[in-house]
Amino acid sequence: MAAIELTGVTKRYGDVTAVDGLDLTVSEGEVFGFLGPNGAGKSTTINMILDFVGPTEGDLTVLGLDARRDSVAVRQRTGVLPEGFDVYNRLTGRKHVEFAIDSKDADDDPDAILERVGIADAADRKAGGYSKGMRQRLALGMALVGDPDLLILDEPSSGLDPAGAKEMRDIVRTEADRGATVFFSSHVLGQVEAVCDRVGIMREGSLVAEDSIEGLREAAGGEETLEITVDSASTEDVDAVRELDGVVSASGDGGSLTVSCEGGVKTKVLSTLEDRGVTVKDFETVEASLEDLFLSYTEDRVDADAEDEEEVTA
Ligand SMILES: Nc1ncnc2c1ncn2[C@@H]1O[C@H](COP(=O)(O)OP(=O)(O)OP(=O)(O)O)[C@@H](O)[C@H]1O
């Protein structure tokens, strides 16, 4: 069964179309990364999944329930780490977790939750005195209460130090292993790459890509970067590589070459250099990072928009 299913979902605010005919399916037990540049419609989508705002058009099913009609039941089974979570300054960390336990009718041990998110030592301190990262850990702890079937995490690593970000990733994987679905929105693409099974990239209210990171790489043309160490390569050698079919770019400074090419022409690049008398000492393939893929799906639009504006002003 799908944990989240959106069909033809549109949300308009006056003249602004925040989400535009969105179809999205997230499977049960999946860790799904929800990406997109600022203003792409991610928060609006999350707010509709949680019924904080209603769609202008379309259907949203969450955990097999209607997101609008059954919103209370959906929220009961969902743990949310909202963007920009605010603590109650005068309540302790433990009180926050107890509050979450009461409102979910759960029977978790608040200290075990605080231990899990690494702030057990601060359990009796007022949350108003917590650092940004500690607040974020507290919010994650509150989201984990009641072993939710669905976790919605909006920028969960915001404010976390590297150790905190790693702990958060471990928690996400543990939750997925116990069968929870995790819907994870973030601009920290390294985090997403490390933890998500699949990602969806939003742009201007629609999904422009929805796949595993491996699948996105293939769809983007499977382009790879080769870092080659050589004894010495001349400008002509670099030019010869650049002219090969399937090579997108080639540059170098004598002892090393950087070549962007389609996966299938790597050997041709190396043999071309060797045929020209260049000794290849070592080479390494660098795959496109999620950041490269993200930019390939979102940047051309920015360029096109800039061109449109130029045309308007010209
Ligand atoms: N309450 C609102 N009233 C009017 N416009 C809104 C409202 N909420 C969102 N929008 C608009 O809808 C569009 C999508 O916004 P949204 O917050 O969903 O984007 P986002 O992808 O979450 O962005 P970010 O990464 O910056 O958080 C934006 O143009 C935004 O200005």
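The structure under discussion appears in the preceding block.
Residues numbered from 1 in each chain as written. Predicted model: local features only at pLDDT ≥ 70, side-chain atom pairs only at ≥ 80, totals over all residues.

> In this structure, what is going on with the environment of Leu22? I would like to understand it.
Here Leu22 is to be found in strand E2 (residues 16-27). In this structure Leu22 comes out as buried when scored by C-beta crowding, with 23 C-beta atoms within 10 Å. Remark: the alpha-carbon pair of Leu22 and Lys11, spanning 11 residues in sequence, is separated by 9.4 Å. (Helix = DSSP H or I, 4+ residues; strand = E, 2+ residues; numbered from the N terminus. Buried ≥ 20, exposed ≤ 12 C-beta atoms within 10 Å, placed from the backbone.)

> Teacher, can you tell me more about the site of the ligand here?
Taken together, the residues surrounding the ligand are Tyr13, Val16, Ala18, Gly36, Asn38, Gly39, Ala40, Gly41, Lys42, Ser43 and Thr44. Ranked by residues supplied to the shell around the ligand, first place goes to helix H1 (residues 42-49) with 3 residues. Classifying every residue of the shell around the ligand by side-chain character gives 4 nonpolar, 6 polar and 1 charged. (Near = placed C-beta within 6 Å. Nonpolar A, V, L, I, M, F, W, Y, C, P; charged D, E, K, R; others polar.)

> Can you help me understand the nonpolar core in this one?
If you look at soluble globular proteins, the nonpolar side chains tend to sit buried side by side. Membership of the largest hydrophobic core comes to 68 residues, with the highest contact counts inside it found for Ala143, Val182, Phe183 and Phe184. No other element matches helix H5 (residues 132-144), which puts 7 residues into this core. The residues touching Val182, leaving out its near neighbours within four places in the chain, are Val31, Phe32, Leu151, Leu153, Val172, Glu175 and Ala176. Core analysis: the next-biggest nonpolar cluster, separate from the first, contains 14 residues, Leu226, Ile228, Val247 and Cys261 among them. (Core = buried A, V, L, I, M, F, W, Y, C linked by C-beta atoms within 7 Å. Contact = placed C-beta atoms within 7 Å.)

> Sorry, what's going on with the environment of Ser256 here?
Mapped onto the secondary structure, Ser256 falls in strand E13 (residues 256-262). Taking the C-beta count within 10 Å as the criterion, Ser256 has 15 such neighbours and is therefore assigned partly exposed. C-alpha separation for the pair Ser256 and Glu227, spaced 29 residues apart in sequence, amounts to 7.2 Å. Not counting residues within four places of it along the chain, the set of residues in contact with Ser256 comprises Glu227, Ile228, Thr229 and Val230.

> What should I look at first to understand the sheet that holds strand E9 (residues 198-203) in this one?
Strand pairing in a sheet takes place through backbone hydrogen bonds and is either antiparallel or parallel in direction. Pairing in this open sheet of 6 strands is mixed, and the strands run E6-E7-E8-E3-E9-E10 from one edge to the other. The sheet terminates laterally at strand E6 (78-81) and strand E10 (206-211), the two strands that pair on one side only. In this sheet, neighbouring strand axes are inclined to one another by 15° on average, regardless of whether the strands run parallel or antiparallel. Sheet strands in contact with H5 are E6 and strand E7 (150-154), and its direction is about 170° off that of E6. Lying over the sheet, helix H6 (residues 162-177) contacts strand E3 (31-35), E7 and strand E8 (181-185), oriented at roughly 150° with respect to E8. (Pairing = 2+ DSSP bridges. Axes fitted to C-alpha atoms, helices over the stretch in contact; angles between N-to-C directions.)

> Hey, could you run me through the pairing of strand E14 (residues 280-287) in this one?
In summary, the side chains of a regular strand alternate between the two faces of the sheet. Of all the 8 residues making up E14, 0 are buried; the element is thus mostly uncovered. Note: strand E11 (residues 223-230) against E14, 7 bridges, orientation antiparallel. For Glu224, the partnering residue across the bridge sits in E14 and is Glu287.

> I'm lost on unusual backbone geometry in this one. Help?
Glycine aside, a negative phi is what most residues show, and trans is what most peptide bonds show. The phi dihedral of Asp147 falls on the positive side, at around 45°, and the residue is not glycine. As for its position among the elements, Asp147 is in the loop between H5 and E7. By the C-beta count within 10 Å, which is 15 here, Asp147 ends up partly exposed. Even without glycine at this site, Glu155 takes up a positive phi of about 50°. Structurally, the position occupied by Glu155 is in the loop between E7 and H6. Given 20 C-beta atoms within 10 Å, Glu155 falls into the buried group.

Coordinates in, geometry out; function isn't part of it.
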